Amino acid sequence: NGKETSKVQVDVIYVPANYAKEVKNELESLCFLDKRYKMIKVEKMPLDNTDGGGDVITYNGKCVGNLIAVPVMKQYIDQGVRTSTEAAQQPKYSFEGLMVGRGVELVPFSSSTIGKMKQRKGSR
């Protein structure tokens, strides 16, 4: 329908909702946060090394229903694909200890990105 609010498939990491702001701030300080897209709430995520089917995830032995998918830059993904279990057990960065998983999600553009897109259209 031509709206700028369409969703795009991007690399994300999954974190419990109560840690989302902390993880977002750390990703931003490391230049790994992809600010072009919004963080989204997800109920299920594909497990590492599966066919992509959704599963309820546990974090520290508790069922996690409120996960946030945080968009990450390709530079973070390119550092070496490790499973979320490996990242949690041997974190390079402190946010990896809070990470529940990694995957790809359809996420909307951020408000600032939509604004920039509209500005470009208007300046033609």
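The following refers to the structure shown. (Residues numbered from 1 in each chain as written. Predicted model: local features only at pLDDT ≥ 70, side-chain atom pairs only at ≥ 80, totals over all residues. Heavy atoms only, no water.)

1. Thoughts on the overall build of the protein
Item 1. Per the secondary structure count, the protein includes 4 helices and 8 strands.
Item 2. Scanning the protein from its N terminus toward the C terminus, one meets helices and strands in the order β-α-β-β-β-β-β-β-α-α-β-α.
Item 3. The 124 residues of the protein split such that 39% are buried.
Item 4. Partitioning the intrachain contacts of the protein with sequence separation of at least 6 by distance along the chain shows that 75% fall at a separation of at least 24. (Helix = DSSP H or I, 4+ residues; strand = E, 2+ residues; numbered from the N terminus. Buried < 20%, exposed > 50% of the residue type's maximum accessible area, 1.4 Å probe, protein only. Contact = heavy atoms within 4.5 Å.)

2. Here's the deal with the pattern of salt bridges
Item 1. Throughout the structure, instances matching the rule amount to 4 salt bridges.
Item 2. Across the pair K74 and D78 runs a salt bridge, and its minimum N-O distance is 3.1 Å. With K74 and D78 both in helix α2 (residues 74-78), this residue pair falls 4 residues apart, about one helical turn. Exposure class is identical for K74 and D78. Each is exposed.
Item 3. What you see here is one network of salt bridges that share partners, running through K24, E28 and K35. (Salt bridge = Lys/Arg side-chain N within 4 Å of Asp/Glu carboxyl O.)

3. Some thoughts on helix α1 (residues 20-29)
Item 1. Considered for burial, the residues of α1 that qualify are A20, V23, E26 and L27. Taken end-on, α1 shows its buried residues confined to a sector of 135°, consistent with a single buried face. In α1, the exposed residues that point more than 90 degrees away from the buried face are K21 and S29. (Arc of directions from axis to C-beta.)

4. Some words on the side chain of D34
Item 1. On the secondary structure map, D34 appears in the loop between α1 and β2 (40-42).
Item 2. Residue classification places D34 among the buried positions, given a relative accessible area of 5%.
Item 3. Within polar-contact distance, the side chain of D34 engages the side chain of R36 at 2.7 Å.
Item 4. Those residues in contact with D34 that lie beyond four places of it in its chain are P71, V72 and M73. (Polar contact = N/O pair within 3.5 Å; in protein donor to acceptor, adjacent residues only side chain to side chain.)

5. Digging into the nonpolar core
Item 1. Counting 16 residues, the largest nonpolar core has I13, V15, V23, L27, V70, Y76 and F95 as its most contacted members.
Item 2. Those elements that provide at least two residues to this core are β1 (7-16), α1, β7 (67-71) and α2.
Item 3. Apart from residues no more than four positions distant in its own chain, V15 is found in contact with A20, V23, N66, L67, I68, V70, L98, M99 and V100.
Item 4. Of all hydrophobic cores here, the second largest spans 12 residues; its members include Y14, Y37, L67 and F109. (Core = buried A, V, L, I, M, F, W, Y, C linked by side-chain atoms within 4.5 Å.)

6. Details of the environment of P71
Item 1. When you line up the elements, P71 lands in strand β7.
Item 2. With a relative accessible area of 1%, P71 lands in the buried category.
Item 3. Counting along the chain gives 59 residues from P71 to V12, while the straight-line C-alpha distance between them is 4.3 Å.
Item 4. Setting aside residues up to four positions removed in sequence, P71 forms contacts with V10, D11, V12, F32, L33, D34, Y37, K38 and M39.

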